[in-house]
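Per-entry structural report
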Amino acid sequence: MLLVTSAEMQKLDTVMIEEIGVASAALMESVGLRVAEVTMDMVDGTGAHQSMGERVSSRSREMDSRKMIAVVVGKGHNGADGLVAARYLHVLGYSVRVWLTSDERDLSHLTHIQLCAYRNVHGRLAEETDDLTQADVIIDAILGNGSQLPVREPLRPFLQAIHKAHRPVLSIDFPTGLDPDSGQVDVDCVKAVRTVACGLSKPGLYVEPGRAYAGQITIASLAISYHMAVRHGAHHFLVTEQDIAKRYRRRPQDSHKGSFGRVGVLAGSPGMYGAARLAVEGAYRAGAGLVYYFAPEDLSDTWVSGFPVEAVVKRYAGRAGVWNVDAIASLLALFAQVDVGVIGPGMGRSMQDSPEALLALAQLPIPLVLDADFLQVVAASEDGGVTFFEHRKHLTIITPHPKEFAQLIKRPTSVVQENRLLYAKEYAVKTQTIVVLKGAGTVIATPEPAVWINSTGNSGLATGGTGDVLAGLLGGLLASGYGAESAALVGVYVHGKAAELACTTQYSQESLVASDLFAWFGTAFRQISWEMDISHDG
Ligand SMILES: NC(=O)C1=CN([C@@H]2O[C@H](COP(=O)(O)OP(=O)(O)OC[C@H]3O[C@@H](n4cnc5c(N)ncnc54)[C@H](O)[C@@H]3O)[C@@H](O)[C@H]2O)[C@@H](O)CC1
Ligand SMILES: Nc1ncnc2c1ncn2[C@@H]1O[C@H](COP(=O)(O)OP(=O)(O)O)[C@@H](O)[C@H]1O
Ligand SMILES: [K+]
């Protein structure tokens with residue numbers, strides 16, 4: 001699902017008004033009407049059942065107990081949307097009170113016009129005796145797309161009063177105090193249970209911490225087409241099941257194991273061979289035809305016997321963690337036998353002292369999924385990995401968690417987390433790789449650039465080894481024929497979905513461990529395949 005940043009939305013508003021010829025007041029009327037419908041849904045669950053026209057003409061609300069709607073109005077057009085909603089709700093018989101956050105004379109021109117229209121139907125402003133705690137729903141129409149954080153006076157007391165009222169809040173466009181581009185929030189950010197996004201939804205409503213402030217999101221359509229939005233620069237997306245179903249590749253009946261490629265896994269180190277096992281099984285569970293595990297000659301048979309029985313173990317010359325000329329040469333010969341490489345899980349950082357090995361792997365002429373320790377080695381190289389990625393001439397997916405990514409971009413982890421979308425995109429463009437920045441709301445950024453926010457997963461995944469499984473999954477998807485962007489999106493989505501399925505049946509978010517995921521990939525893939533059938537039938 002397409003999302004737009006604040007600047008893109010401003011541009012699209014202008015295009016709608018100046019090029020398409022829809023008056024600003026008409027756009028506000030659409031948004032305000034939708035807000036009124038969602039408010040009715042919140043107070044008595046009726047918003048969707050009867051058209052607004054039928055409701056207004058039947059005057060049925062006048063008979064009902066009078067639910068109170070508080071509308072807190074800012075001086076810009078977000079406030080104007082709120083006043084349109086206030087007018088509809090008042091005419092329907094709800095007890096509406098409007099709180100102006102600024103002097104009436106400071107309202108923008110169109111907002112003032114909407115205030116007059118509200119007054120002309122005898123709508124009321126809040127008085128001394130009115131109190132937000134009396135409201136059945138509070139509508140936050142304080143700041144929208146013209147806001148610049150942090151929130152300035154005189155708005156803060158209004159935000160604090162909304163908090164203190166402990167009533168359900170509907171935010172127009174996005175909660176006041178939230179940055180729609182990054183999802184960062186002001187200390188007094190409004191916490192909504194519903195948000196009505198104007199025209200198209202915003203990335204900040206789907207990433208932490210903003211996601212927790214937005215509640216359920218409804219989009220008030222302004223008939224802005226997908227193509228028009230993309231033409232004006234929109235490049236953020238929320239990953240939905242429909243997006244994934246479109247990319248799903250059904251396996252042909254007449255296939256054989258050669259049809260789905262070979263994955264080579266270079267992972268594990270003394271004490272950490274479990275990470276390699278998880279990556280190997282991840283690759284198989286994503287559908288790879290064959291998965292080779294590249295083991296050093298000194299890896300004990302006991303460890304090897306613990307690998308999934310399907311794994312093909314291939315030995316390279318030398319001992320674990322020793323990257324001399326022989327080891328590199330024999331590794332390169334092994335990689336020549338596979339279609340995709342997965343490098344890094346549990347691998348340790350011994351390669352840090354062998355720039356030749358790093359360079360040799362950079363030049364591998366196959367798609368690579370690079371994860372964990374290997375990324376830390378790349379980050380620690382003299383130029384912070386610039387040369388490494390310059391030497392990569394083939395497709396690369398990197399799967400850092402926030403701390404690994406922070407090392408790659410040489411910034412503190414806290415800074416990365418403040419703007420995951422932006423940093424992932426910048427790095428994808430700079431290194432021409434697909435960046436899978438993990439953590440709640442995993443971000444997938446491509447060099448195009450396109451920035452996707454994953455919608456599946458839960459805190460059950462916050463446990464050792466789930467990242468190793470993901471690296472394997474991505475390798476398996478690449479080998480079995482998915483393009484790079486699709487492999488990253490489908491892999492991350494399925495990984496999160498498996499955790500959700502596991503935690504609603506057999507496991508809980510506390511008890512889930514990485515290897516439990518394997519049992520649930522089947523259901524996750526089947527659901528995508530059904531969704532694909534439904535969309536084809538539709
Ligand atoms: N352009 C249009 O015609 C449309 C606009 N729409 C609505 O209009 C909104 C955008 O309207 P505006 O551009 O007027 O922006 P806002 O409604 O966000 O208001 C901006 C005003 O608030 C002040 N302000 C900004 N940041 C502040 C802060 N941190 N503390 C205190 N005051 C602050 C500014 O000085 C400015 O006067 C959208 O979010 C949406 O709700 C929709 O009705 C769709 C169509
Ligand atoms: N709270 C969370 N919500 C959703 N996904 C999460 C959460 N915490 C972790 N994850 C996911 O779990 C995986 C953890 O990977 P990683 O940190 O590399 O772990 P490890 O190195 O132990 O395998 C990533 O896919 C990440 O996106
Ligand atoms: K708002």
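Rules and cut-offs
- Residues numbered from 1 in each chain as written.
- Chains lettered and ligands numbered in written order.
- Predicted model: local features only at pLDDT ≥ 70, side-chain atom pairs only at ≥ 80, totals over all residues.
- Heavy atoms only, no water.
- Helix = DSSP H or I, 4+ residues; strand = E, 2+ residues; numbered from the N terminus.
- Buried < 20%, exposed > 50% of the residue type's maximum accessible area, 1.4 Å probe, protein only.
- Areas by Shrake-Rupley, 256 points an atom, 1.4 Å probe, with all protein chains shown as cover.
- Lys, Arg positive; Asp, Glu negative; His and termini not counted.
- Charge placed at Lys NZ, Arg CZ, Asp CG, Glu CD.
- Expected span 1.5 Å × (residues − 1).
- Contact = heavy atoms within 4.5 Å.
- Polar contact = N/O pair within 3.5 Å; in protein donor to acceptor, adjacent residues only side chain to side chain.
- Near = heavy atom within 4 Å.
- Nonpolar A, V, L, I, M, F, W, Y, C, P; charged D, E, K, R; others polar.
- Donors = N, O, S within 2.8 Å, 3.2 Å for Na, K, Ca; no water.
- UniProt positions renumbered as here; feature names shortened; annotations may be inferred.

Before going further, it helps to examine the overall build of the protein chain. Helices and strands together make up the secondary structure of the protein chain, namely 21 helices and 18 strands. In the protein chain, which comprises 538 residues, the share counted as buried stands at 56%. Within the structure as shown, the protein chain displays about 22,300 Å² of accessible surface, and the carbon and sulfur contribution to it stands at 52%. Looking at charge distribution, the protein chain has the averaged site of its 46 positive side-chain charges lying 2 Å from that of its 57 negative ones.

What follows concerns helix H10 (residues 273-285). Note on helix geometry: an α-helix contains 3.6 residues per turn, so any two residues three or four positions apart are oriented the same way. Its 13 residues place the ends of H10 19 Å apart at the C-alpha level, agreeing with the 18 Å of an ideal helix rising 1.5 Å per residue. Burial runs high along H10: 10 of the 13 residues are buried. Among all positions of H10, only Tyr273, Ala275, Ala276, Leu278, Ala279, Val280, Glu281, Gly282, Ala283 and Tyr284 are buried. Where H10 is buried, its residues meet strand S10 (262-266), strand S11 (290-296), helix H11 (301-305) and helix H19 (466-479). Gly287 occupies a position one or two residues after H10 and carries a positive phi of about 110°.

Turning our eyes to something else, we now look at the side chain of Asn78. In this structure, Asn78 sits in helix H4 (residues 77-91). Taking the relative accessible area as the measure of exposure, Asn78 reaches 8% and is therefore buried. A distance of 3.1 Å separates the side chain of Asn78 from the backbone oxygen of Ile172, its partner in a polar contact. Setting aside anything within four residues of it in sequence, one finds Asn78 in contact with Asp140, Ala141, Ile142, Leu143, Gly144, Ile172 and Asp173.

It is worth spelling out the site of ligand 2 at this point. The local shell around ligand 2 holds 16 residues, among which Lys438, Gly439, Thr442, Gly465 and Gly467 are the closest. Contact between ligand 2 and Lys438: an oxygen atom at 2.6 Å from a side-chain N or O atom of the residue. Taking Asp468, its main chain carries an N or O atom lying 3.2 Å from an oxygen atom of ligand 2. The fraction of the free accessible surface of ligand 2 (580 Å²) that becomes covered by protein chains is 78%. Sorting elements by how many residues they give to the shell around ligand 2 places H19 first, with four residues. Here the residues of the shell around ligand 2 sort into four nonpolar, 10 polar and two charged.

Another point: the site of ligand 1. As a matter of local geometry, ligand 1 sits amid 23 residues, with Ser24, Asp81, Gly144, Gln148 and Asp173 nearest to it. Contacts to ligand 1 include Asn145, whose backbone N or O atom sits 2.8 Å from an oxygen atom. The backbone of Gly146 places a nitrogen or oxygen atom 3.1 Å from an oxygen atom of ligand 1. Protein coverage of the free-state accessible area of ligand 1, which is 870 Å², stands at 84%. Of all the elements in the fold, those that place two or more residues in the shell around ligand 1 are helix H1 (6-20), helix H2 (24-44) and H4. Here the residues of the shell around ligand 1 sort into nine nonpolar, nine polar and five charged.

Looking now at the coordination of the potassium ion (ligand 3). In the first shell of the potassium ion (ligand 3), the protein supplies Asn78 (OD1), Leu143 (O), Ile172 (O) and Phe174 (O), at 2.7 to 3.1 Å from the metal. Mapping the donors of the potassium ion (ligand 3) onto the primary sequence gives the spacing N-x64-L-x28-I-x1-F. Here Leu143 is found in the loop between strand S5 (137-141) and helix H6 (156-165), whereas its partner Ile172 is found in strand S6 (residues 169-172), with 29 residues between them in sequence. Assessed through its relative accessible area of 0%, Ile172 is described here as buried.

Attention now moves to the UniProt feature "binding site: K(+)" (unreviewed entry) in the protein chain. UniProt tags Asn78, Asp140 and Thr176 as "binding site: K(+)" (unreviewed entry). Spanning 99 residues, the named residues form one tight spatial group whose C-alpha atoms are at most 9.9 Å apart. By the secondary structure assignment, Asp140 is in strand S5. On the basis of relative accessibility, which here comes to 0%, the residue Asp140 falls in the buried class. Contacts of Asp140, omitting those with residues within four sequence positions, involve Val72, Asn78, Val169, Leu170, Ser171, Ile172, Phe174, Pro175, Thr176 and Val190. With respect to the element layout, Thr176 can be found in the loop between S6 and strand S7 (194-198). The buried category is assigned to Thr176, whose relative accessible area is 0%. Beyond its immediate stretch of four places on either side in the chain, Thr176 contacts Asp140, Ile142, Leu143, Leu159, Ser171, Cys189 and Val190. Separated by 3.1 Å, the side chain of Thr176 and the backbone nitrogen of Leu143 make a polar contact.

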